[in-house]
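Remarks on the overall topology
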Amino acid sequence: MVPDNPSEHMPPVQPIAYSHKKHLAFGLECKKCHINPDPGKLMTFPAISTCMECHVTTAKEKPPIQKLTEFAKSKQAVPWVRVYKVLPGVAWNHRVHLDAGVKCETCHGQVREMEVMSEVTSVTTMYSCLHCHEMNRAKTACDTCHKH
C-alpha cells in the first residue's frame, strides 16, 4: 500500500461539483470514465458524452448538471483539474501498473468514499514508488522511472 499523504492537500476547485462516492455507489467502475489510451501515460478525464449517457435525463434540474449540459451543448470538454501530478523527469505509465494488477485504490486511496477527490496518498513521491517496487519485486534501477 502507498502511505497516506503526510501533508494536507486541499482538493482543487473543479469546474463542476462531482462526488466519486455518489457515482461509484451506482456501480460505475473507474475504467468506465477514466480511459487509458496509448501510450498509457495518463488516464483521461471522462468524455462529456459519457456523463450525458445518464445526465440527459438524470438530475437534469440540478445546477451542476445544468452546467454539464451547457458544456455538452457547446461541444466543450469540461476543464477538470488533475489531482495527482507526476513529478518532472519521471516517466510514468498507468498501463504498466494496471497490467501488473495494481488497483486504483492502491495509489489513490478509497476514492469510493470521497465526496471530493483529493491527494490523500503520497504516491507521487520517490519513496512511495521505490517502496512499492521493492515490496512487489519490481525494478528499482534509476532508469526504470527516470529516462534521459
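Coordinates for the structure precede this section.
Residues numbered from 1 in each chain as written. Predicted model: local features only at pLDDT ≥ 70, side-chain atom pairs only at ≥ 80, totals over all residues. Heavy atoms only, no water.

Thoughts on the overall build of the chain
Assigned secondary structure in the chain consists of eight helices and zero strands. Counting from the amino terminus, helix and strand elements in the chain follow one another as α-α-α-α-α-α-α-α. Dimensions of the chain along its principal axes, counting C-alpha atoms only, are 50 × 30 × 25 Å. With 148 residues in all, the chain has 28% of them scored as buried. A sequence separation of at least 24 residues applies to 68% of the contacts in the chain between residues at least 6 apart. Summed over its atoms, the accessible surface of the chain is roughly 10,300 Å², and 62% of this surface lies on carbon and sulfur atoms. For the chain, the distance from the average site of its 18 positive side-chain charges to the average site of its 14 negative ones is 6 Å. (Helix = DSSP H or I, 4+ residues; strand = E, 2+ residues; numbered from the N terminus. Buried < 20%, exposed > 50% of the residue type's maximum accessible area, 1.4 Å probe, protein only. Contact = heavy atoms within 4.5 Å. Areas by Shrake-Rupley, 256 points an atom, 1.4 Å probe, with all protein chains shown as cover. Lys, Arg positive; Asp, Glu negative; His and termini not counted. Charge placed at Lys NZ, Arg CZ, Asp CG, Glu CD.)

Points about the environment of Cys-33
Here Cys-33 shows up in helix H2 (residues 30-33). Here Cys-33 falls in the buried class, since its relative accessible area comes to 15%. Residues Cys-33 and Phe-45 lie 12 residues apart in sequence; the distance between their C-alpha atoms is 6.8 Å. Residues contacting Cys-33, with those up to four places away along its chain left out, are Thr-44, Phe-45, Pro-46 and Thr-50.

Points about helix H4 (residues 63-73)
A turn of α-helix holds 3.6 residues, and therefore any two residues three or four places apart point the same way. Residues Ile-65, Leu-68, Thr-69 and Phe-71 constitute the buried set of H4. Looking straight down H4, one finds its buried side chains confined to an arc of 155°; they lie on one side. Opposite the buried face of H4, by more than 90 degrees, sit the exposed residues Pro-63 and Lys-73. Here the buried face of H4 lies against helix H3 (48-55). Positive phi shows up at Lys-75, right after H4, with a value of about 60°. (Arc of directions from axis to C-beta.)

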